[in-house]
Amino acid sequence: MNEFSDLEGELRGLRPAAPSADLTTRVERALTEAPANVATAGVLPRPRAVPVHWLGLGVGLAAAAAFLILARVSVEKPAKQQPTVAVAPSTAPEIETTLPRTLVPDGVTRVVYHTSDDGLVFPRNSEEPVRRLRSRSRETLQWKDPGTGASLRVSYPTEEVELIPVSGQ
Amino acid sequence: MENVATHEDWKNCFAEAAPGLVLFARQFVRSVADAEDIVQEAFVKFWRKQHPIENRALLFATVRTTALDLLRRDARRARREADVVAGSEQSVAPQFDGASESQQALAGAVDRLPAEQREVLVMKIWNELTFAEIASILGISQNTAASRYRYALAALKKNLIPHERVF
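Residues numbered from 1 in each chain as written. Chains lettered and ligands numbered in written order. Predicted model: local features only at pLDDT ≥ 70, side-chain atom pairs only at ≥ 80, totals over all residues. Heavy atoms only, no water.

Caption draft 1: Local environment of the overall build of chain A. A count of helices and strands for chain A gives four helices and four strands. If you take every contact in chain A between residues at least 6 apart in sequence, the share linking residues at least 24 apart comes to 53%. Surface exposure of chain A reaches about 13000 Å², of which carbon and sulfur atoms provide 59%. (Helix = DSSP H or I, 4+ residues; strand = E, 2+ residues; numbered from the N terminus. Contact = heavy atoms within 4.5 Å. Areas by Shrake-Rupley, 256 points an atom, 1.4 Å probe, with all protein chains shown as cover.)

Now the structure itself:
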């Protein structure tokens, strides 16, 4: 608390005039209609062109093919053991086949777009001040069905308030 | 976790910041239309340069630079805007929504503050920037930013006391 706390509270009570809907439309359009030669935000920059070395490419492809063969072999191994492990009732495989394809987690994005430091505050029932930090972010969770390629995305805003105890000096 | 902003994130970011950005831009050009043009140009520029979405200090610095560039481009316009900023009685659209009579008096007092104090106040109160961020935007020290803020509050308090007594 300081001598201007009341005044600061009154000032915060003033709400900045909302921008016109036209501005929002124009900005949203600009965000989607970026010129082709301009890198767009949110997309990783295009990697620099690398000269093709055919010998290296051939070796790389051979290595990749070898890896795929080995990977296939290692994947098939558990399948051979499956009959010995299958001790569940005979209805279990039927249930598995009737279940719909499940979505598997595909990615999580968390974008913090605003952080602020409220400074020292005195919470109720506390004699010691704490420092209050706020951060607003948007989290996006994404699932994908590997079979069909269908994806599901859920996005929601979050606000985190962190109270950091301040020790007396 | 990835930290790559999607289009949706940018749209949300704009929706969140737009009122404060327009208010900030109006400290340079009092016309709403001009302020919105500045905000649009600055925000798109900020987005195209792939700046981190959470770097609000840089976003405000971009708005400020864009506004100053606009004023420099048109000297006559700059003089006209400077006249308005200097406190002439020209009618401009209110900067705040639905203000009561006392709030209008407060908004008027904010309007009459010296420009350098008012821009710090706008960034601190309505955009919740820290003094460190404000200092980086204006190219001044944190102490200077804090001083300008305190001077602004002191001036507002001084201006409002006679008004409160009348009512």
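What follows continues from the structure just given.
Caption draft 2: Examining a nonpolar patch on the surface more closely. All names here are of chain A. The grouping of Trp54, Leu57 and Leu61 at the surface amounts to a nonpolar patch, some 380 Å² of accessible area in total. You can see leucine 61 is positioned in helix H3 (residues 54-85). Taking the relative accessible area as the measure of exposure, leucine 61 reaches 55% and is therefore exposed. (Patch = residues over 30% accessible without salt bridge, like charges linked within 9 Å, V, L, I, M, F, W, Y side chains within 5 Å. Salt bridge = Lys/Arg side-chain N within 4 Å of Asp/Glu carboxyl O. Buried < 20%, exposed > 50% of the residue type's maximum accessible area, 1.4 Å probe, protein only.)

Caption draft 3: Focus on the confidence of the model for chain B. Per-residue confidence for chain B gives a mean pLDDT of 83, with 80% of residues at or over 70. No element of chain B has a lower mean pLDDT than helix H4 (residues 75-85) of chain B, at 59, and none a higher one than helix H7 (residues 131-138) of chain B, at 94. (pLDDT = per-residue confidence, 0-100.)

Caption draft 4: The arrangement of the interface of chain B and chain A in detail. Listed per partner, the contact involves 51 residues of chain B and 45 residues of chain A. At the boundary of chain B with chain A, total buried surface from both sides reaches about 4800 Å², with 61% on carbon and sulfur atoms. Sorting the residues of chain B by area buried against chain A places Trp47, Gln50 and Asp97 of chain B first, and these three jointly supply 12% of that buried surface. Our enumeration of links across chain B and chain A arrives at five salt bridges. For aspartate 37 of chain B, the salt bridge identified is with arginine 26 of chain A, shortest N-O distance 2.9 Å. Linking chain B to chain A there are twelve residue pairs in polar contact (both at pLDDT 80 or more). Taken together, the elements giving at least two residues each to the side of chain B that touches chain A come down to helix H1 (7-25), helix H2 (32-48), strand E1 (96-97), helix H5 (101-111), helix H6 (115-126) and helix H8 (142-166) of chain B. (Buried area = accessible area lost by both parts, 1.4 Å probe. Polar contact = N/O pair within 3.5 Å; in protein donor to acceptor, adjacent residues only side chain to side chain.)

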